[in-house]
Amino acid sequence: MNRIRFARWTCIIEIAAALLIANGAYAAGKRAELDGVWILLRADIGKLQLTPAGEKLRAAYDFQKDDPDFQCKPASFTRIMHTPSPPIEVRQHQDYVEINYEFMDVKRRVPIKKGLTAKEAPYAVREHPHLGKSAGQYEGETLVIDTEGQKAGVLDTLGVPGLYQSDQIRTVEKLIPDGDKMQIVVTHYDPVYLVQPLTVTFSYLRLPDGKIMEWGCKPEEATFERFLPGTR
Amino acid sequence: MYRQFAAATMMVTFLFLNCAEGLAHHSVAANFDQSKTLDVTGKVKEFEIRNPHSQITLEVTKPDGGVEDFYVEWSDKNALMRRTVPVDKIRVGDKVTINVNPSRRLPNLGYFRTATLPDGTVLKDCGFAAYRESVAKGTKITC
């Protein structure tokens, strides 16, 4: 009997130790590990609860007419990250972080300055002011980016097709290092279209020796219209 | 016990890698019927490797003898390059058979699955999930 109990306790301790090791590896992620080129493993979308206004817009969404992709316009950082194949690059500097998204050639600069709010920050992507203004800070080994000032329009066309954002939206991204994996947990707060904050968790895998390539999107090559008779 | 734990970890990793496939093809799934396939035979009129999607235009002969264009969408240029797909084997003027998932909206559009070339070579689209798996395993793919 005692031997059985001992074996059971041994099993429990082994499982607990394995879980602690796994958990410890996660917690051991260092902020320096955020640097690199990353490809998307998966995206998990949290509970979506739209206001009647958000529901109405989503019901009316027509991807052929309303998807900004067809004009080579990145709708939002969430939309960009939902595109599975083009990777993203993170490079940390003394007082700013650059995040380069291969999709649509978006080059984002996030200042890291104590006390700086997103509203006071410059536009994160000079060529695309509709993406808003971002300010970053570290919370331990996690990089937290606050974004405000996004223009009203389509927020997502892939993960949640037809999700709209108002100009009151605020977005918080947490970049969490984990060795050769990284998570970006994005939370959208939008009092106009969301009943409760919407969280999307992007899981990334490091792309060894990866490089960001030119995307070079041209509207005439991206539009859906090109397939319609008489348009070529 | 450790073997079981390792097996469980491998299973979780496998599921983790596979879960992303649905997302990887979300827009493709929305626009193309992945439950159906169609063989389209024709002459390669144009082949443009580009972003956000590459495109092959096939000149297809209709039963009445007339000719019409059929468009085949494929992965973005950067993905094809990273996956080292030998796209240069597809040449303008060649007669090829391309197996596609047909468009949900347009009769003259499909999404690339395989291409059978004049010499019998078959090019395959493994998709992004296979590429991601190859990165995780440190292996190479050519599809």
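Residues numbered from 1 in each chain as written. Chains lettered and ligands numbered in written order. Predicted model: local features only at pLDDT ≥ 70, side-chain atom pairs only at ≥ 80, totals over all residues.

Within chain A, the regular secondary structure consists of five helices and 11 strands. Contacts in chain A between residues far apart in sequence, at least 24 positions, make up 59% of those at least 6 positions apart. (Helix = DSSP H or I, 4+ residues; strand = E, 2+ residues; numbered from the N terminus. Contact = placed C-beta atoms within 7 Å.)

Bringing the overall build of chain B into the picture now. Assigned secondary structure in chain B consists of four helices and six strands. Ordered by position in the sequence, the α and β elements of chain B form the string α-α-β-β-β-α-β-β-β-α. The buried share among the 143 residues of chain B stands at 31%. Across chain B, contacts joining residues at least 24 apart in sequence account for 56% of those joining residues at least 6 apart. (Buried ≥ 20, exposed ≤ 12 C-beta atoms within 10 Å, placed from the backbone.)

Once that is clear, we can look at the pairing of strand S2 (residues 54-61) of chain B. Residues and elements named next belong to chain B. Looking at chain direction, strand S1 (residues 38-48) and S2 are connected through five bridges and run antiparallel. Note on S2: the bridge partner recorded for Glu48 is Gln55. Where S1 folds back onto S2 in an antiparallel hairpin, the turn is made up of five residues. Bridge count for S2 against strand S3 (residues 67-74) is eight bridges, and the pairing is antiparallel. Its bridge partner being in S3, Ser54 is matched across the sheet by Trp74. Between the antiparallel neighbours S2 and S3 lie five residues, among them Gly65 with a positive phi of about 95°. (Pairing = 2+ DSSP bridges.)

Before going further, it helps to spend a moment on the pairing of strand S9 (residues 170-178) of chain A. All names here are of chain A. In this structure, strand S6 (residues 142-148) lies alongside S9, joined through five bridges in antiparallel fashion. Bridge pairing in S9 places Thr147 opposite Thr171. Connecting the antiparallel pair S9 and strand S10 (residues 181-189) is a turn made up of two residues, with Gly179 showing a positive phi of about 65°.

A few words now on the environment of Gln168(A). All names here are of chain A. Mapping Gln168 onto the fold places it in the loop between strand S8 (163-165) and S9. Its 13 C-beta neighbours within 10 Å are what place Gln168 among the partly exposed residues. In this structure, Gln168 is in contact with Asp190, Pro191 and Val192, ignoring residues within four places of it in sequence.

All names here are of chain B. When the pLDDT values of chain B are averaged, the result is 84; 81% of them are 70 or greater. The element-level mean pLDDT for chain B is lowest in helix H1 (residues 2-24), coming to 39, with strand S4 (residues 95-102) highest at 98. Taken together, the stretch residues 1-26 has pLDDT below 50 and engages in 26 contacts with residues farther than four places along the chain or on a different chain. (pLDDT = per-residue confidence, 0-100.)

Residues and elements named next belong to chain A. Strand order in the open sheet formed by nine strands is S4-S3-S2-S1-S11-S10-S9-S6-S5, and the pairing between neighbours is antiparallel. Each edge of the sheet is formed by a strand with only one pairing partner; in this case those strands are strand S4 (106-111) and strand S5 (133-139). Going from strand to strand, the sheet's axes swing by 25° on average, the running direction of each strand aside. The sheet contact formed by strand S3 (residues 96-101) and S4 spans six bridges and is antiparallel. Among the inter-strand pairings, Asn100 is bridged to a residue of S4, identified as Lys107. (Axes fitted to C-alpha atoms, helices over the stretch in contact; angles between N-to-C directions.)

Here we come to helix H4 (residues 127-137) of chain B. A turn of α-helix holds 3.6 residues, and therefore any two residues three or four places apart point the same way. Turning to H4(B), its buried residues number three or more, namely Gly127(B), Phe128(B), Tyr131(B), Arg132(B) and Val135(B). One or two positions beyond H4(B), positive phi appears at Gly138(B), with a value near 75°.

Moving on: the environment of Glu48(B). Residues and elements named next belong to chain B. As for its position among the elements, Glu48 is in strand S1. Residues Glu48 and Lys77, 29 residues apart in the sequence, show an inter-C-alpha distance of 8.9 Å. For Glu48, the residues in contact, after removing those within four places along its chain, are Ser54 and Gln55.

Our focus in this paragraph is the nonpolar core. Formed by 72 residues in total, the largest nonpolar core has its most connected members in Phe202(A), Tyr204(A), Val72(B) and Ile98(B). In contact with Tyr204(A), other than residues within four places in its own chain, are Trp38(A), Ile39(A), Leu40(A), Leu41(A), Lys181(A) and Met182(A). (Core = buried A, V, L, I, M, F, W, Y, C linked by C-beta atoms within 7 Å.)

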